[in-house]
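Each chain is listed here by its residues.
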Amino acid sequence: MSVEDILAAENELTHLLGAQQAVVLSTRIRLARNLEGLPFPGWAKIPQRKEIADQCVGALEALPKFRRAHVVRMSELGDRDRAVLVERHLVSKELAAGKSGAAVISRDQTCSVMVNEEDHLRIQVVKAGWHLRGTWHIAEQLDDALGGSLKLAFSDRLGFLTACPTNVGTGLRASAMVHLPGLCLAGHMDKVSRALNQDGLAVRGWLGEGTEAAGNVFQISNQQTLGLSEEAILKHLGGWIKNVVEQEWNARRKLAQEEGEKFVDRLSRSLGLLRSARLLTSSEAMNMLSHLRLACDMGCLPEERRHLVDRLMIEGQPAHVQARAGQELDSDGRDRRRAAVVREALKDFPDLVPPSA
Amino acid sequence: MSQPLKCSLCEEAATVHLSQVVHGKVTKVHLCEACAQKGGAMDPAVFQLADALTTASPAPTLICPQCGFTDIDFRKRGRLGCPSCWETFGDVLGGLLRKVQHEPSHVGRTPAGASPVGRLRRRLDDARREMEKAITGEDYEAAARLRDEIAVIEQQLATS
């Protein structure tokens, strides 16, 4: 089984392979697609779901992009391995909860296709940093390649047909994972969320729908999929992300200026706490790592340390901590282990200096 | 009353009668002694359950010939049964799409394996839209180019 391989492999989001950026952690494109003539997974009988999985996995494995890909079937994975994949955003909670789902994950972990989730196929492409066009381009190529080998459900009037009316049309969900400590500290996040909602964009927490925004990390995505071209959807999201990034920087600069020494003090305390804590809960770690990321962005810590902070945010999640420990741990055990990993990783971090940004 | 009321949950004679007012709407639930005790008569879930039972009881009016999914299944799950359901439930979905989506018709990509005719039709729609825009924007050069393209596509469609 390859969840261990997935954990061990270096990839864009956990290692400094792609361009890491302040504010935008990653860009994601998701396309919902279905096969013609077969019921959607939620309504399909078990043999039909098997047929869907066989057809889709077969077509995916034949694509060059998925050469030597990880093929993971949910029925063959234990709870912890499934949770690791969810924490990495390689599969959704819904896929992990069912037995008939599968995922085909490219070697470099930038592309993952979920099979038998709400739709037959959920194509996902993720790049570290803000790369809307590049990410879209990869998804488009994958979509074309799959459309060439599978007969996809499509109507001239409604576009790509999906199980849920909120995905029909382009089936496209484009999103950015953004780190907004400045707007959160300044108390502007509610206002920003409302403005985005009113203009057709959804704001969610770190792990998507129904999750809290631990560590000031939010996912911003388009809501409408019908009646807008892919180009228009990307442009709309892109415009707003640029706007949010600008506002975030304004909030950060204002905070740093107004608070002066207090600003650095707050971030320094987080580093001190992370370096000496013996028990660290997941949300506590996320919130303090958020401060370290902010410190890297603002020049209080060397910028090249940022990727390590990003990695700790991902690997500090409960299933990752247990997978690394190679055993099931109770909540105290996880907090102890998480604290040890963080302490070790931060032991040679330099002290903070006043902001330069 | 000639006929005694039946329990909303089990069809026994109802002896407990509850009314609840939520947002100005009155919901009445009738329960037998046993169900009232079991469910906890004051439990709001009882109202919801009874509500679901009473609204779900009418027979389905639409059934997808391809997969057997009904309009009642859709109301319960909020998801469709198969791609053909989009045709079966077209009218029901039309209203919903106008609420949750930007426009009720697709203007994006087509599958790589789609029929050439479908592609032409979509390009025709796009070109017509672009031409209108060009005319409004007084870009007559672009409008003329699009008019020629439209004529070519129309001819291709007529002969295909």
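Because the structure is a prediction, the values reported are computed rather than measured.

Requested: an account of the overall build of chain A, with residues and values cited.
What chain A contains, in helices and strands, is 13 helices and 10 strands. For 357 residues, the compact-globule formula gives about 21 Å, and the C-alpha radius of gyration of chain A, at 21 Å, lands near that figure. For chain A, the spread of C-alpha atoms along the principal axes amounts to about 65 × 45 × 30 Å. The contacts of chain A with a sequence gap of at least 6 include a subset with a gap of at least 24, amounting to 68%.

Break down the nonpolar core for me, with residues and values.
Formed by 116 residues in total, the largest nonpolar core has its most connected members in L85, A103, V113, V115, V178 and A295 of chain A together with C82 of chain B. Per element, the largest residue contribution to this core is 8 residues, and it comes from helix 10 (residues 282–297) of chain A. Setting aside anything within four residues of it in sequence, one finds V115 of chain A in contact with I52, A53, C56, V57, G101, A102, A103, H120 and L121 of chain A. Membership of the second largest hydrophobic core comes to 5 residues, among which are C7, A14, V29 and C32 of chain B.

Give me the lowdown on the pairing of strand 10 (residues 217–222) of chain A, citing residues and values where you can.
Residues and elements named next belong to chain A. Across the 6 residues that make up strand 10, a large majority, 6, are buried. The two faces of strand 10 match: V217, Q219 and S221 on one face and F218, I220 and N222 on the other face are all buried. Where strand 8 (residues 172–179) lies against strand 10, 5 bridges are found, and the strand directions are antiparallel. Note on strand 10: the bridge partner recorded for V178 is F218.

Now, about the environment of H320 of chain A: what can you tell me, with residues and values included?
All names here are of chain A. Checked against the element boundaries, H320 lands in helix 12 (residues 318–325). C-alpha separation for the pair H320 and G215, spaced 105 residues apart in sequence, amounts to 17 Å. Setting aside anything within four residues of it in sequence, one finds H320 in contact with V84, E87, I314 and E315.

Any chance you could break down the interface of chain B and chain A for me, citing the residues and the numbers?
In this complex, chain B contributes 31 residues to the contact, which on the side of chain A involves 34 residues. Broken down by element, the side of chain B that touches chain A gets its largest block of residues, 4 residues, from helix 5 (residues 90–100) of chain B. By residue class, the composition of the side of chain B that touches chain A is 15 nonpolar, 10 polar and 6 charged.

Please provide a residue-by-residue account of the confidence of the model for chain B, values included.
All names here are of chain B. Looking at chain B, the pLDDT average stands at 77 and 69% of residues meet or exceed 70. Taking the mean pLDDT of every element in chain B, the minimum, 49, falls on helix 2 (residues 44–56) and the maximum, 94, on helix 4 (residues 85–88). The ipTM, which scores confidence in the relative placement of chains, is 0.85 for this predicted complex, and the corresponding pTM is 0.79.

Thresholds, definitions, all that
- Residues numbered from 1 in each chain as written.
- Chains lettered and ligands numbered in written order.
- Predicted model: local features only at pLDDT ≥ 70, side-chain atom pairs only at ≥ 80, totals over all residues.
- Helix = DSSP H or I, 4+ residues; strand = E, 2+ residues; numbered from the N terminus.
- Rg over C-alpha atoms; globule rule 2.2 N^0.38 Å.
- Contact = placed C-beta atoms within 7 Å.
- Core = buried A, V, L, I, M, F, W, Y, C linked by C-beta atoms within 7 Å.
- Buried ≥ 20, exposed ≤ 12 C-beta atoms within 10 Å, placed from the backbone.
- Pairing = 2+ DSSP bridges.
- Nonpolar A, V, L, I, M, F, W, Y, C, P; charged D, E, K, R; others polar.
- pLDDT = per-residue confidence, 0-100.

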